[in-house]
Amino acid sequence: LTNDAELLNACQNSEENVKLTLKETLRFISPAGHSRQFRWDSDILYQDQKIELNKGDLIGAHPCMIGQNPKYFSDASIFDIHRKGKESVCPFGKGPH
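Just so it is clear, the structure is predicted and the values come from calculations on it, not from any experiment. Each chain has its residues counted from 1, following the order in which its sequence is written. In keeping with the predicted nature of the model, local features appear solely for residues at pLDDT of at least 70, side-chain atom pairs appear and are counted solely at 80 or more, and the whole-chain, interface and lining totals rest on all residues. Only heavy atoms go into the side-chain values, all of them from the structure, while hydrogens and water stay out.

Asks: Explanation requested: the overall build of the protein in the structure shown.
Replies: The numbering of helices and of strands both runs from the N terminus, where a helix is a DSSP run of H or I of at least 4 residues and a strand a run of E of at least 2. Scanning the protein for helices and strands turns up three helices and four strands. Starting at the N terminus and ending at the C terminus, the protein contains elements arranged as α-α-β-β-β-β-α. The contacts in the protein between residues at least 6 apart in sequence include a share of 53% that link residues at least 24 apart. Two residues form a contact once any of their heavy atoms are found within 4.5 Å.

Set out below in structure tokens:
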């Protein structure tokens, strides 16, 4: 991203553009994942499929998936610091999951 002269120029001239670039970077490449270890036998329903989980099983999710979800971001593969609606979704910590 630092090789993008237009983005570099936009950030040199605007603190707000720096903030927008950081938000878009976190949407694009999230820094952490989440996991959960089950403490008892359990079943979950995922996409109409029953999945059996045993005590001690570990499931994990990477928050960058929300940043690639077309439900929240059209053209998710495009880096756009002026993307509309990104304030409603945080790639980790809060917001829709």
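Having seen it, we continue.
Asks: What exactly am I supposed to notice about the pairing of strand β2 (residues 42-46) here?
Replies: For a regular strand, side-chain orientation follows a simple rule: the groups alternate between the two sheet faces. For two strands to be treated as a pair, DSSP must find at least two bridges joining them. Summarising the sheet, β2 and strand β3 (residues 49-53) pair through five bridges and their orientation is antiparallel. The residue of β3 that forms the bridge with Ser 42 is Leu 53. The hairpin formed by β2 and β3 contains two residues between the paired strands, and Gln 47 there has a positive phi angle of roughly 50°.

Asks: How should helix α2 (residues 15-28) be read in this particular structure?
Replies: Residues lying three or four places apart along an α-helix face the same way, a consequence of the helix completing one turn every 3.6 residues. Under the convention used throughout, the expected extent of a helix is 1.5 Å for every residue step, that is, one less than its residue count. Compared with the 20 Å implied by 1.5 Å per residue over 14 residues, the 20 Å span of α2 between its first and last C-alpha is a close match. Between a side-chain oxygen at the N-terminus of α2 and the backbone nitrogen of Glu 16 the separation is 3.3 Å; the capping residue is Ser 14. What qualifies as a polar contact is a pair of N or O atoms within 3.5 Å, subject to a donor-acceptor requirement within protein and to the restriction that residues adjacent in sequence count only when both atoms come from side chains.

Asks: How do you make sense of the packing of helix α1 (residues 5-12) against α2 when you look at a structure like this?
Replies: Helices that pack against each other are described as a pair by the angle of their axes relative to one another and the distance between those axes. Think of each axis as a best-fit line through the C-alpha atoms, taken over the contacting stretch in the case of a helix, with angles from 0 to 180 degrees between the N-to-C directions. The contact between α1 and α2 brings their axes to 6 Å, and the two run at 130°. Here α2 runs oblique to α1, going by the angle between their axes. Contacts between α1 and α2 involve Leu 7, Ala 10 and Cys 11 on the former and, on the latter, Asn 17, Val 18 and Thr 21. Its residues placed into classes, the contact of α1 with α2 shows four nonpolar, two polar and no charged. Orientation is classified from the angle alone, with under 35 degrees giving roughly parallel, over 145 giving roughly antiparallel, 65 to 115 giving roughly perpendicular, and any other angle giving oblique. The nonpolar class holds Ala, Val, Leu, Ile, Met, Phe, Trp, Tyr, Cys and Pro. Asp, Glu, Lys and Arg form the charged class, and all remaining residues, Gly among them, are polar.

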